[in-house]
Every structure is written in structure tokens, then in C-alpha cells.
Amino acid sequence: MRALVTGGAGFIGSCVVDRLLGQHDDVTVVDDLSHGRLANLADAGDRITFIQADVQDSGLADIVAAAQPEVIFHLAAQIDVRASVEDPAGDAAINIMGTINLAQAARAAGVRKIVFASSGGSIYGVPTTLPVTERAPINPLSPYAVSKVCGELYLNAFSQLNGLQCTHLALANVYGPRQDPHGEAGVVAIFAEHLLRGRPTKVFGDGGNTRDYVFVVDVAAAFLLASGETGDRRRYNIGTGVGTSDRQLHTLVAKAAGAPDEPEFAPARLGDLRDSAIDPSKAGAELGWAPAYDLGTGIGATVDYFRGQPD
């Protein structure tokens, strides 16, 4: 298969690239390197074609036309919820206009399908029942969540108008090697990096907020399974269906790091959901996907990765 991965130098995107190369696919990576790192693609070597570009660029159509992919895996995005609140127009420019630009380029190049990274942790809003299924009403509570819903709807429209297939993967809280340990997102990476370096860690509120953590290798597998003919204009939840509290997570990471399980407690953050978990059974039934890594194993692999990184 000829594939193009936007955001392919990022945390999740580079793992999708690894998976594609593992089945000897022809891979083009498009990334503006605003958050992605070439180091994430070091294992790929010269087996990929790398192009530094933004999905908003006017030249994207030429890039896609030259690559001639059968499938585009679209992971390039602005992913910071708080940044989207502070600059909703900037968030929309990347996540909505960038997706439209990519879809137009894909249509012109005769691409068969786009597999889109949506957000299972945000598009459903405050859930009334856990774990959340795809039948739950959409209730985005941030500009970021709105942009992900818009991405799904625009791609669905392109599919119906032009025959460009699309499948949306609503991802839970993804964690694993290569995740950025800086900033607000990626709590597993933040805990791992701080605990390994003997730095203080912080848990917000009473530590009882729960999230659904899914290992990045399992997520990459879901992207490839979604690249076939199944699932046009459908959304699939990609998670475990199990919520883990912030306090429980700290204990697991501290144990793997061999560090004291003594976080600082900080005031709860305004707008944080209390609980989030998504039901992956539809992905299991239609795509044949299920998480292969339990949380303890995934955290162990993540901590081992950060143990090997320079300070």
C-alpha cells in the first residue's frame, strides 16, 4: 500500500509509520515539525519520504499528487485543549481548514480513503453513562473538540459528494514512548519523566478524576485496520473502556520507575472532566481491533523509554 501520514513525525503518527513500514508499505510523511521530531523517525531511515510542510500550505495538493497514496492517515493537528480556548481561530485554522485542504488535495489526487484522528476524550462532553459508545450524543465543550467534530463532518461530506472514503478513530487518552513530557498533556509521560529524574509530581484535585488510557502501539494498529474498505463515514472508539484515576496512575508509574509514590496535590483545574472512558466494542466487531497491552505493561514500556532518554 502507498500511504501518506500527516503529523507522521509526532508521537502517534510516528508509531503509525513504524507499523506501515513493518508491513513493507510505501510511506510519505508530512509534518511541519512544530511538535513532531525527526528523532521519532530515526528507525525509519531512508525507507520513508519525508516532507516538511503544514497541512494548511497551498502546495499540499502537489505533495499529495506526487506521493499518490491510496490511503492518508491524518494525524496532524493542534491538540492542546487550553490552547484552543485561548486561540480558537488558530485551532480552527489547523484542525478544520487544514483538514479541508487535505481532503481537497486527496480528492484531486484520487486517494481512496482518509483515516482521521478524532477525540474520544472530548467530543462527547460530560458523559451520562460510562463507558461511552458511539451512539452517545456529541457535546463538544472546547474549540478543540468542536474542530474534531467538524473534521469528521467535513470528511463525511467529501465522502458523499466525491466518493472519498473516510473513517474516524475517536481516541481515548493515548500514552507510550515518544510522548512529549512537557506541557499539560500526556500525564503518563510527565509522571515518568519527573519520577525518573527525582522531580516533584502533581495531582490535581483529590486525584479521583478518571481517564481511559490506551497504549500507542494499540492505537497504531487501529489506524491500519481502519484503512480497508470497512467503516466508510463511521466513527470508532479506540480505548479500553476502563477508567483509571489520576492517583492510581501515579502509583503505577512510580512503581515502574522505582520512585516514591508521593505526589503533590494541587487545586482542581477548571473545566476538567471528572470521568471519561469510551467503549471500543464497535471497533472490535467491525474492525477486529482490541487493545493488546494492559496498563501495567504499557506503563512499563513507557518508563523504560524515558529511562533511556537524556536529562
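That block above? That's the structure.
Let me sum up the structure you'll find in this document. (Residues numbered from 1 in each chain as written. Predicted model: local features only at pLDDT ≥ 70, side-chain atom pairs only at ≥ 80, totals over all residues. Heavy atoms only, no water.)

1. As for the overall build of the protein chain
Counting its secondary structure elements, the protein chain contains ten helices and 13 strands. For a compact globule of 311 residues, the expected C-alpha radius of gyration is about 19 Å, and the protein chain comes in at 19 Å, within 12% of that figure. Dimensions along the principal axes, computed over C-alpha positions, put the protein chain at roughly 55 × 45 × 40 Å. Long-range contacts, defined here as pairs at least 24 residues apart, represent 79% of the contacts in the protein chain between residues at least 6 apart. Looking at the protein chain as shown, the accessible area adds up to about 13400 Å², and 52% of this sits on carbon and sulfur atoms. (Helix = DSSP H or I, 4+ residues; strand = E, 2+ residues; numbered from the N terminus. Rg over C-alpha atoms; globule rule 2.2 N^0.38 Å. Contact = heavy atoms within 4.5 Å. Areas by Shrake-Rupley, 256 points an atom, 1.4 Å probe, with all protein chains shown as cover.)

2. Points about the pattern of salt bridges
Two side chains of opposite charge can pair, provided their charged atoms sit close to one another. Counting across every chain of the model gives 14 salt bridges. Of the charged contacts, one joins R178 and D43 as a salt bridge, the two residues approaching to 4.0 Å between their closest N and O atoms. You can see R178 sitting in the loop between β7 (173–175) and α6 (187–196) and its partner D43 sitting in the loop between β2 (26–31) and β3 (48–52), a full 135 residues away along the chain. R178 gets classed as buried once you look at its relative accessible area, which sits at 16%. Overall, D43 belongs to the exposed group, its relative accessible area being 61%. (Salt bridge = Lys/Arg side-chain N within 4 Å of Asp/Glu carboxyl O. Buried < 20%, exposed > 50% of the residue type's maximum accessible area, 1.4 Å probe, protein only.)

3. With respect to helix α2 (residues 60–67)
Where α2 is concerned, the buried positions are L60, I63, V64 and A67. Down the axis, α2 shows its buried residues gathered within 95 degrees of arc, on one side only. Set apart from the buried face of α2 by more than 90 degrees, the exposed residues are D62 and A66. The first or second residue beyond α2 is Q68, which carries a positive phi of 50 degrees. (Arc of directions from axis to C-beta.)

4. Brief notes about the packing of helix α1 (residues 11–22) against helix α7 (residues 216–225)
At a closest axis distance of 9 Å, the pairing of α1 and α7 adopts a crossing angle of 60 degrees. The angle between the axes of α1 and α7 places the two elements in the oblique class. Taken as a pair, α1 and α7 cross one another with a handedness that is right-handed. The segment α1 lies against α7, with F11, I12, C15, V16, R19 and L20 engaging V216, V217, V219, A220, A221, F223 and L224. When its residues are assigned to classes, the contact of α1 with α7 shows twelve nonpolar, no polar and one charged. (Axes fitted to C-alpha atoms, helices over the stretch in contact; angles between N-to-C directions. Parallel < 35°, antiparallel > 145°, perpendicular 65-115°, else oblique. Left-handed = near helix turned anticlockwise from the far one by under 90°. Nonpolar A, V, L, I, M, F, W, Y, C, P; charged D, E, K, R; others polar.)

5. Comments concerning the packing of aromatic side chains
By convention here, two paired aromatic rings are described through the distance between centres and the angle between planes. In the structure shown here, the tally under the stated rule is five aromatic pairs. Both rings, one in Y175 and one in F215, keep their centres 5.4 Å apart while their planes meet at 50 degrees; by these two values the pair is tilted. Of this pair, Y175 sits in strand β7 while F215 sits in strand β10 (residues 213–215), and the two are 40 residues apart along the sequence. Taking relative accessible area as the criterion, Y175 reaches 1% and is therefore assigned buried. Overall, the relative accessible area of 3% leaves F215 in the buried class. (Phe/Tyr/Trp six-rings, centres within 6.5 Å; stacked < 30°, edge-to-face > 60°.)

6. Points about the sheet that holds strand β6 (residues 165–171)
Spatially, seven strands are ordered β3-β2-β1-β4-β5-β6-β11 in an open sheet, and the strand pairing comes out parallel. Edge positions in the open sheet fall to β3 and β11 (234–238), since each of these has one partner strand only. Each strand of the sheet is rotated relative to its neighbour by a mean of 20 degrees, with strand direction disregarded. Here strand β1 (residues 2–6) pairs with β2 via five bridges, running parallel. (Pairing = 2+ DSSP bridges.)

7. Examining unusual backbone geometry
Residues L130 and P131 are joined by a peptide bond in cis, for which omega reads -10 degrees. Assignment of secondary structure puts P131 in the loop between β5 (113–119) and α5 (143–162). Of note, the phi angle at L33 is positive, near 65 degrees, even though the residue is not glycine. Secondary-structure assignment places L33 in the loop between β2 and β3. A positive phi is found at R233, a non-glycine position, where the angle reads about 60 degrees. Looking at the secondary structure, you find R233 in the loop between α7 and β11.

8. Regarding the nonpolar core
Of all hydrophobic cores here, the largest spans 44 residues; its most connected members are I12, V16, F73, L169, L171, F223 and I238. The contacts of F223, once residues within four sequence positions are left out, are I12, V16, F73, L75, V115, F116, A117, L169 and L171. (Core = buried A, V, L, I, M, F, W, Y, C linked by side-chain atoms within 4.5 Å.)

9. Here's the deal with empty space enclosed by the protein
Under the criterion given, the structure shown has two cavities of 30 Å³ or more. Here the largest cavity defines a volume of roughly 60 Å³. Residue lining of the largest cavity: G120, G121, S122, Y124, G125, P127, V132, L273, D275, S276, A277 and I278, and that is the complete set. Taken together, the residues of the lining of the largest cavity sort by class into six nonpolar, five polar and one charged. (1 Å grid on protein atoms, 1.4 Å probe; cavity = no way out; pocket = protein on both sides within 12 Å on 5 of 7 lines; lining within 4 Å. Points joined across faces, edges and corners; volume = space filled by probe spheres on them.)

10. Thoughts on the environment of H250
In this fold, H250 is placed in helix α8 (residues 246–257). For H250, a relative accessible area of 0% gives the class buried. As for H250 and E262, which are separated by twelve residues in sequence, their C-alpha atoms are 8.5 Å apart. A polar contact is formed between the side chain of H250 and the side chain of T201, at a distance of 2.6 Å. Polar contacts involving the side chain of H250 include one to the side chain of D261, which spans 2.7 Å. (Polar contact = N/O pair within 3.5 Å; in protein donor to acceptor, adjacent residues only side chain to side chain.)

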